[in-house]
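This is what each chain is made of:
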8 protein chains.
Amino acid sequence: MLEEILRKVADGELSPDKAKEKLATFENLGFAKVDHHRKKRQGFPEVIFGEGKEPSHIIDISRAMMVKKENILITRVTYEKAQVIMEQLPDFQYDHTSRTLFMQNSLDSGHYKGYIAIVCAGTSDLPVAEEAAKTAEAFGVEVRRFYDVGVAGIHRLMAHIDEIREATVSVVVAGMEGALPSVVGGLVSHPIIAVPTSVGYGANFQGLSALLTMLNSCASGISVVNIDNGFGGAYNAVMIHRIANQS
Amino acid sequence: MLEEILRKVADGELSPDKAKEKLATFENLGFAKVDHHRKKRQGFPEVIFGEGKEPSHIIDISRAMMVKKENILITRVTYEKAQVIMEQLPDFQYDHTSRTLFMQNSLDSGHYKGYIAIVCAGTSDLPVAEEAAKTAEAFGVEVRRFYDVGVAGIHRLMAHIDEIREATVSVVVAGMEGALPSVVGGLVSHPIIAVPTSVGYGANFQGLSALLTMLNSCASGISVVNIDNGFGGAYNAVMIHRIANQS
Amino acid sequence: MLEEILRKVADGELSPDKAKEKLATFENLGFAKVDHHRKKRQGFPEVIFGEGKEPSHIIDISRAMMVKKENILITRVTYEKAQVIMEQLPDFQYDHTSRTLFMQNSLDSGHYKGYIAIVCAGTSDLPVAEEAAKTAEAFGVEVRRFYDVGVAGIHRLMAHIDEIREATVSVVVAGMEGALPSVVGGLVSHPIIAVPTSVGYGANFQGLSALLTMLNSCASGISVVNIDNGFGGAYNAVMIHRIANQS
Amino acid sequence: MLEEILRKVADGELSPDKAKEKLATFENLGFAKVDHHRKKRQGFPEVIFGEGKEPSHIIDISRAMMVKKENILITRVTYEKAQVIMEQLPDFQYDHTSRTLFMQNSLDSGHYKGYIAIVCAGTSDLPVAEEAAKTAEAFGVEVRRFYDVGVAGIHRLMAHIDEIREATVSVVVAGMEGALPSVVGGLVSHPIIAVPTSVGYGANFQGLSALLTMLNSCASGISVVNIDNGFGGAYNAVMIHRIANQS
Amino acid sequence: MLEEILRKVADGELSPDKAKEKLATFENLGFAKVDHHRKKRQGFPEVIFGEGKEPSHIIDISRAMMVKKENILITRVTYEKAQVIMEQLPDFQYDHTSRTLFMQNSLDSGHYKGYIAIVCAGTSDLPVAEEAAKTAEAFGVEVRRFYDVGVAGIHRLMAHIDEIREATVSVVVAGMEGALPSVVGGLVSHPIIAVPTSVGYGANFQGLSALLTMLNSCASGISVVNIDNGFGGAYNAVMIHRIANQS
Amino acid sequence: MLEEILRKVADGELSPDKAKEKLATFENLGFAKVDHHRKKRQGFPEVIFGEGKEPSHIIDISRAMMVKKENILITRVTYEKAQVIMEQLPDFQYDHTSRTLFMQNSLDSGHYKGYIAIVCAGTSDLPVAEEAAKTAEAFGVEVRRFYDVGVAGIHRLMAHIDEIREATVSVVVAGMEGALPSVVGGLVSHPIIAVPTSVGYGANFQGLSALLTMLNSCASGISVVNIDNGFGGAYNAVMIHRIANQS
Amino acid sequence: MLEEILRKVADGELSPDKAKEKLATFENLGFAKVDHHRKKRQGFPEVIFGEGKEPSHIIDISRAMMVKKENILITRVTYEKAQVIMEQLPDFQYDHTSRTLFMQNSLDSGHYKGYIAIVCAGTSDLPVAEEAAKTAEAFGVEVRRFYDVGVAGIHRLMAHIDEIREATVSVVVAGMEGALPSVVGGLVSHPIIAVPTSVGYGANFQGLSALLTMLNSCASGISVVNIDNGFGGAYNAVMIHRIANQS
Amino acid sequence: MLEEILRKVADGELSPDKAKEKLATFENLGFAKVDHHRKKRQGFPEVIFGEGKEPSHIIDISRAMMVKKENILITRVTYEKAQVIMEQLPDFQYDHTSRTLFMQNSLDSGHYKGYIAIVCAGTSDLPVAEEAAKTAEAFGVEVRRFYDVGVAGIHRLMAHIDEIREATVSVVVAGMEGALPSVVGGLVSHPIIAVPTSVGYGANFQGLSALLTMLNSCASGISVVNIDNGFGGAYNAVMIHRIANQS
């Protein structure tokens, strides 16, 4: 890309001023292939982190995206905020558990083979697990949910382990002691994205306990994202799933 | 005990001075049944925490105990320190893995039914696990060892789970992410004493990670002792095992 | 259990499909003796952790249990939530101090000898101590309460120490500096389950101070559960008490 | 696998005892596809975590592997320990920077397309980066190194960004403030495995600073492994690279 | 005291039962000289920690004290709670800044020579400083206030240093960086009780910063109480002031 | 100043009493050149930290300043508090984003050459960045804003880097991973005041992550102020900018 | 003092230059009454913190003091360093346990009534306790030692409680869980200086556990100094003891 | 710079390939004005962080610089490492206190007016203070040292305050409680770069206490660098001093 611009300048096709502009801005420098990529394949969503954003601000961003016929996913939206937004933009659908808003503006979703496993320790971890699930689905990837399979009842996990093994990648969500990724990691041969949650109390220290557990896992093939970051867990998994489909 | 002393004073059997002395001292106040208990049953060991104690100091204490024909267990003894002690007291036997010294001065060990399970995640946790095992054995309790059964290879634990279940109580030792007690806790119905170890690196923070994991366990019936405290884990287990035999 | 299933398959009594189903599910694998155990002995409660669960969800679970004539204990229920539940299920009784709901569906409670001592440092620790007490009682175990006997007035503890000594096991609850288990541990010869509470302020750091104190106790025979985990403290104690009665 | 075993029992091909044995052991239960997988494809290494293991222990394990003609990678080996091992097993090659030992027993390495980018902030982070590089290479994956491209001189990173973008996955290693993964994450569209190192001093707290930075990255597509865990970073990357080649 | 009881038993003046009762209860064992002391000298207050106590509970305790004509100090009372209490017990006086309630039931206050200096860094630390001041005054000790003399304007402190030097003891209250006790400690020759406050934000961590500063003071003669513990600071100072007057 | 006072005493121009008074008070001791300085140059503001101060208190201070015709800046004022203050003092102007109140009482602002760059990572950091910007402007210094140029999209920063380089000093504001100052520090040759913000969640720990990142920056020429301390960042920058203009 | 200097200037007894010099230097400003005080009363020691100081540096300081016939106490001196110093200055006496050097250059020690109690939990805490004891003795104050009276054997403390109560002030030294000051605080009516030690392991975190315990003590009249700061504990106690004797 | 390159391409003065090369490399992109700047003004040193670098590596870098006649400063060099280096490069001079090596290859040092004040709390902080001083001097800036002026003896600081005030900027170095920058900050009107040191023990936590104190300073105009980072403190000060001289 850089070469091309410079060649055009040399050929007089591009003035130095124009070239400078190009080099200084986003798309020209090619610094953001991901975004570029997105626009080419219809069905890829724009994702907005809703926490701390005013409803009016979210509405404005959304309208700009609707014009481009893009699907829109908004994470971390309270029910109250969602109500305000949906009054203006009734095409959004709100999901209570994951606290996400989604609007389908393009039917051309991704056609990926295989699925991502979302594995979750307890029912209290559901909001984070569902944020992950909804994110992956918004990206057009099939998700299979394996919930309430915490390590204190290892048989529940065992009952589903064959199906988990067939996934391309697992997002494993757990709070409290956060031991689930270690156990799953010992049973499957694909990458695991571990998501600690802040579920727990006392010496859990808002998810620190689960986070440390996951970082110290004695199983290989586990990497970790921030506490309660269901979106981040899914985003990493989608990236890997795309690789599986690309090649 | 208090009543008895007072009655004797009233009866003139005991002078107020003698009574005061009795009340103010250890044995008279009956404040230390455990210790008293020990002396009654031959074969119970005296336990010395060896770390930070001079060899000469340990030798003096040991000699005093040898006179009373008590078994002696010394924990946290380096090989070098043990050598110095054994030159003077050759009846001691040193165990390299657990870093303990033991001297059998009484053959009248406990006659307990059943056994304690010592379950251990990885080979690096062996020193702590063996400190627990040697402690329990010094107290005359049978120990069964289930080592290298960490959660990253859950099948290894499963292969032994029936035998672990038959124990009165389990001491579960784990470093790194410390998830083993949660998994064992979900598979057995007896109490578990969890012992975090300082094995690991980086975000393990010298055992803090394993400690927090165990305190936050979603399995019931798990209580925790200090990091690397193999002795403490075994001591709690022996207390419970004794209850199982007493009643 | 595994052997039995396999033998039946070999004998043709069980089809491979049925066997697989059995092995993959909870009861068949025998992974949860505790639960199984419970059902055999009437009077054992099901325990629900009420925090973070919707009233409607709790009501549904409770109804399922009521059908089986099981006693039900729900912990961590606010008064407001309890009101909603009791409108639908008036047989529940709410205890304000421990914030528990209990419903007696079976009169066949446990017939255990002896009692558990619940020892508590200050009046502010009462909610945690009572959560422990109500839990043990729901399991059919007799509880004796020794409240407001903190170490700053050691005489208050001394006045009751003989009765505490006669217990099978003590649950010792303390916030602030959390020193009570160490003192009790030096005066009794049975196991102590220490429960730190988040009572305190400033450098207490929501119970961290009490937790560290208990883990570092210089007294032997003390193990620790999570901050404010009255239920966990009692559960461990009940397990030990059951051992005392079983044998 | 389970189905197959049960069918064989039903068909009388397998006695219940044998079946039980199979189900209870590692290979039979199929709980460890990764390991199984390894044996099928020659050239896959066995990896030994050398820290805390005695040389004699390492030699024994290595000899067992040599019989099977497997390649062997040992991480975290000091020069002194390596010398002792190589006296017995001269076929090992020691790499000073990464502190790894490697022995090539099979020439049939993996034939993967593409490469993994190992990106590294400063020269002090080299040991961790090279542990990652040597690990990936031991697994038969091509590695391209981009070292000393820390964020304080962003132009150095820019000079190589096109080649980094063409990788399947990046392992980004950084100590001190640990900002490099965020910057790389904003410039590439493939997954990033971030490895914090303990390089730094003062408020770095042995890598905690870099770890927190990476977990809090505002760029998407970044997941994190433990401090100084170069092996873990590479292992995750190899898993993803394998997916890219499998499909 | 113990001797006396035993002598009485020997003399038949006291039955063993009565003696046991005496020994087992608070006043008889003489374990609480402070409390005993208080009752002898009229004017000494009973102090109630108001936080977390129900108004009705406080009212009951207060009524019991009023009967004994004791002065009553209640700390950590919100305005709302104070209103409820004062409706029932209108003789209480509420102080907004220190959040204390005080009731004068005895005019016979202490007749101490000299005064305690309460030194305070900033206006935001006033609630803690005033809790200290009101506590000392309730104990009958004269207090001199030196407020808003933080180290960022050292001249303000210098303007009052002579008067501070004449105090028996200083209670030095500071939040944010908590440096004031070190500076005062270098300028006076009497003991300093340092009280860190939770005033500040960000890296202050709710008073941790000020607490650590005070514990690490390079000035001698400084000891520290818990964060925001104005009562504790004053109580220590009063104890020392009493010693100055006793001798 | 000290010399002058003493000379006057020697000359009989000043009585010892008056001299003592002078020496003991603020202006005479000359301990506060900054403040003195301010009064000489009209247009310099008095700054009030509004958090935790009562509206009535702020109004009183403001009125005293208005008499002296000084400009007034109040930081950390909620909208509600601002409303109360502006009812009494309608000349104040409230800025929502920075939560500051400003009143222009003197038109004689500073006449400084050049500008300060306020660089900000994300839109959520705006309140802190704007507190810095409004502070610098209140001091009469020109500010140029470079917002939403976080490291995850490095091209956005590059587009403005020439203009940032021309500033005298940069205040760089960032939450989450806080990497922006390191990157800017590598691209400019003037001092950088780094301001971590508490924006983020999970392992961000209220800004601790960003703070540690900035303290550990591998770029030179970066110094750090407290979390969310936009005022402090600007104050340091203004001090440096003044030096650039003074000389 | 300030007044006096100014009066002399006015009277012509002092030139402005001399006065300035006086005001600017230590003794003239009277900023260090403590030090001044010391010199007046012979027998008061100079105290040198030996850690991190070169032997030659310590020897130089000591020689300067010897000229003034002052007693000298040096804390934190290793045996090796002491040897080097004593070769040059053979009048020093080294105490192994407390790691202190003392030289008696003046026989005129303090003539204080009463004593300070040094109370100590375990034998491992002896170095800190003896540093406190030697410090107090160097200041001419009588010390009574109550060692090895930790809370896990409360009877040992009870046996000495009457003698402890008669002290003016107690220095209570404890590591591990650090509960001893709370218990002593509930049994005596004089001030307690609590000294946490770094004795312990695991979750003790180098004395943090004991420190937090002491700061959170539920007993009144306890203030705390830094971890292992035996000197500081004694210094505070001596200050209070002096007050008891002064008045 | 970008414009110029593009113009040259358009004018045919530069081929696209050459331009790309230029844009992709350090000097062409102009990303490192600081470095560029340095080369222009002779006398500016290259600075090498010596910790963790092999002597041979340092020697190689140094030789490369010697060719360019640049002054060389190496920080964090132990005496042993310095010996090895100086055997090869005898022109280096080693400073024991600051642990720096310096080689003067250019006599053309900076000609700056004014000076930087290096203010230091205690003698133990000298290594960090001298690292700062030597760094500033290596950059050709005059330094004035004000050492051993800690807050516990505020008069020592006062004796020098006028001279400190005349500096352009102060680097204030302090360990233990770290209060010195706050006090200096209240007495001067120029910027202060605060450098916490790891000097102290116990609750100092390797400098964390001093770091937090400085970040929370109630004085304005203070910014902070990493613990023990004397180089960083000086580098920031030199940058500001240069601004004072440039304008």
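Fair warning: this is a prediction, and the values are worked out from it, not measured in the lab.

A. Representation of the interface of chain E and chain G within the structure. The partner chain G presents 36 residues to the 35 residues of chain E that form the contact. Linking chain E to chain G there are zero salt bridges. The interface formed by chain E and chain G includes six residue pairs in polar contact (both at pLDDT 80 or more). Only helix H4 (33–40), helix H11 (208–215), strand S9 (222–224) and helix H12 (230–246) of chain E provide two or more residues apiece to the side of chain E that touches chain G. With nine residues, H12 of chain E is the single largest residue contributor to the side of chain E that touches chain G.

B. Looking closely at the relation of the copies chain F and chain D. For the pair chain F and chain D, the best superposition has an RMSD of 0.1 Å and corresponds to a rotation of 180 degrees with a translation of 0.0 Å parallel to the axis. In the structure described here, the two chain copies are related by an operation that fits a two-fold rotation axis. When C-alpha distances to the rotation axis are compared across chain F, the minimum falls at Ala 179 of chain F, with a value of 2.6 Å.

C. The domain arrangement of chain A, seen in detail. Residues and elements named next belong to chain A. According to the domain assignment, chain A contains domain 1 (31–103) and domain 2 (116–245). Computed over C-alpha atoms only, the centres of domain 1 and domain 2 are separated by 24 Å. Of the residues lining the interface, 15 residues belong to domain 1; the matching set on domain 2 comes to 13 residues. Carbon and sulfur atoms make up 66% of the area that domain 1 and domain 2 hide from each other, which totals about 1200 Å². In this assembly, domain 1 and domain 2 are joined by two salt bridges. Residue Arg 76 pairs with Glu 131 through a salt bridge whose shortest N-O separation is 3.4 Å. Counting the contacts that link domain 1 with domain 2 gives two residue pairs in polar contact (both at pLDDT 80 or more). Of all the secondary-structure elements, those providing two or more residues to the side of domain 1 that touches domain 2 are helix H4 (33–40), strand S1 (45–49), strand S2 (71–75) and strand S4 (100–103). Along the lines of polarity and charge, the residues of the side of domain 1 that touches domain 2 split into six nonpolar, five polar and four charged.

D. Layout of the relation of the copies chain E and chain G. Of the two same-sequence chains, chain E is brought onto chain G (RMSD 0.1 Å, axial shift 0.0 Å) by a rotation of 180 degrees. When the interface residues of chain E are mapped onto chain G, 100% of them again lie at the interface, so the same face is used by both copies.

E. Inspection of helix H6 (residues 79–88) of chain A at higher detail. Residue and element names in this part refer to chain A. Those residues of H6 that sit buried are Lys 81, Ala 82 and Ile 85. Seen from one end, H6 has its buried residues packed into an arc of 100 degrees, which puts them on one side. Facing away from the buried side of H6, by more than 90 degrees, are the exposed residues Glu 80 and Glu 87. Each element contacted by the buried residues of H6 is listed here: helix H5 (55–67), strand S3 (93–95) and S4.

F. Representation of the side chain of Asn 236 of chain D within the structure. Its place among the elements puts Asn 236 of chain D in helix H12 (residues 230–246). When its relative accessible area of 2% is taken as the criterion, Asn 236 of chain D is described as buried. If near-sequence neighbours (up to four positions away) are discounted, Asn 236 of chain D is found in contact with Gly 221, Ile 222 and Ser 223 of chain A together with Ile 193 and Val 225 of chain D.

G. Structural detail: the pairing of strand S8 (residues 192–196) of chain C. Residue and element names in this part refer to chain C. In terms of burial, S8 is a largely internal element, five of the five residues being buried. Side chains Ile 192, Ala 194 and Pro 196 project from S8 onto one buried face, and the interleaved Ile 193 and Val 195 project onto a second face that is buried too. Of the pairings in the sheet, the one linking strand S7 (residues 169–174) to S8 comprises five bridges and is parallel in character. The residue of S8 that forms the bridge with Val 172 is Ala 194. Note that the unit made of S7, helix H10 (residues 180–185) and S8 has a crossover that is right-handed. The sheet contact formed by S8 and strand S9 (residues 222–224) spans three bridges and is parallel. Its bridge partner being in S9, Ala 194 is matched across the sheet by Val 224.

H. Summary view of the sheet that holds strand S4 (residues 100–103) of chain C. Residues and elements named next belong to chain C. On the basis of which strands lie adjacent, the open sheet formed by four strands has the order S1-S2-S4-S3 and mixed pairing. In this open sheet, the two strands that pair with only one neighbour each are strand S1 (45–49) and strand S3 (93–95). Shown here is a sheet whose adjacent strand axes are inclined to one another by a mean of 20 degrees, direction ignored. With three bridges connecting them, S3 and S4 associate as antiparallel partners. Counterpart to Asp 95 in the pairing with S4 is Thr 100. Running at roughly 160 degrees to strand S2 (residues 71–75), helix H5 (residues 55–67) makes contact with S1, S2 and S4 of the sheet.

I. The interface of chain F and chain D, seen in detail. With 23 residues of chain F in contact, the opposing surface of chain D contributes 23 residues. Here chain F and chain D share an interface that buries about 2000 Å² over both sides, 69% of which is from carbon and sulfur atoms. Here chain F and chain D share zero salt bridges between them. At the junction of chain F and chain D, the tally comes to 13 residue pairs in polar contact (both at pLDDT 80 or more). Of all the secondary-structure elements, those providing two or more residues to the side of chain F that touches chain D are helix H8 (154–158), helix H10 (180–185) and helix H11 (208–215) of chain F. Looking at which element gives the most residues to the side of chain F that touches chain D, the answer is H11 of chain F, with four residues. Per-class residue counts for the side of chain F that touches chain D are 15 nonpolar, seven polar and one charged.

J. Inspection of the sheet that holds strand S3 (residues 93–95) of chain D at higher detail. Residue and element names in this part refer to chain D. Sheet architecture is open: four strands sit in the order S1-S2-S4-S3, paired in mixed fashion. The sheet is open, and its two edges are formed by strand S1 (46–49) and S3, each paired on a single side. If you compare each strand with its neighbour and ignore which way they point, the axes differ by 20 degrees on average. Contacting strand S2 (72–75), S3 and strand S4 (100–103), helix H7 (residues 126–138) runs over the sheet at an angle of about 165 degrees to S2.

K. Representation of helix H11 (residues 208–215) of chain B. When you tally the buried positions in H11 of chain B, you get seven out of eight residues, the bulk of the element. Of the positions making up H11 of chain B, those classed as buried are Ser 209, Ala 210, Leu 211, Leu 212, Thr 213, Met 214 and Leu 215 of chain B.

L. Fine view of the environment of Glu 87 of chain D. Residues and elements named next belong to chain D. Inspection of the secondary structure assignment puts Glu 87 in helix H6 (residues 79–88). Given the relative accessible area of 65%, Glu 87 is considered exposed. Distance from Glu 87 to Met 65, taken between C-alpha atoms, is 18 Å for residues 22 residues apart in sequence.

M. Up close: the pattern of salt bridges. Scanning all chains against the criterion turns up 72 salt bridges over all chains. Among the ionic pairs, Arg 156 of chain B bridges to Asp 148 of chain B, the shortest N-O distance being 3.8 Å. Taken together, the shared-partner salt bridges in this structure form one network comprising Glu 51, Arg 76 and Glu 131 of chain A.

N. Inspection of the packing of helix H7 (residues 126–138) of chain G against helix H12 (residues 230–246) of chain G at higher detail. Residues and elements named next belong to chain G. Relative to each other, H7 and H12 sit at 40 degrees, their axes nearing to 7 Å. With respect to H12, the element H7 is oriented oblique. When you trace H7 past H12, the crossing you get is right-handed. Across the interface between the two elements, Val 128, Glu 131, Ala 132, Thr 135 and Ala 136 of H7 pack against Gly 230, Phe 231, Ala 234 and Val 238 of H12.

Reading the values: the criteria
- Residues numbered from 1 in each chain as written.
- Chains lettered and ligands numbered in written order.
- Predicted model: local features only at pLDDT ≥ 70, side-chain atom pairs only at ≥ 80, totals over all residues.
- Heavy atoms only, no water.
- Contact = heavy atoms within 4.5 Å.
- Salt bridge = Lys/Arg side-chain N within 4 Å of Asp/Glu carboxyl O.
- Polar contact = N/O pair within 3.5 Å; in protein donor to acceptor, adjacent residues only side chain to side chain.
- Helix = DSSP H or I, 4+ residues; strand = E, 2+ residues; numbered from the N terminus.
- Least-squares fit on C-alpha atoms with pLDDT ≥ 70 in both.
- Domains from an automatic or database assignment.
- Buried area = accessible area lost by both parts, 1.4 Å probe.
- Nonpolar A, V, L, I, M, F, W, Y, C, P; charged D, E, K, R; others polar.
- Buried < 20%, exposed > 50% of the residue type's maximum accessible area, 1.4 Å probe, protein only.
- Arc of directions from axis to C-beta.
- Pairing = 2+ DSSP bridges.
- Right-handed = clockwise from strand over helix to strand, strands pointing away.
- Axes fitted to C-alpha atoms, helices over the stretch in contact; angles between N-to-C directions.
- Parallel < 35°, antiparallel > 145°, perpendicular 65-115°, else oblique.
- Left-handed = near helix turned anticlockwise from the far one by under 90°.

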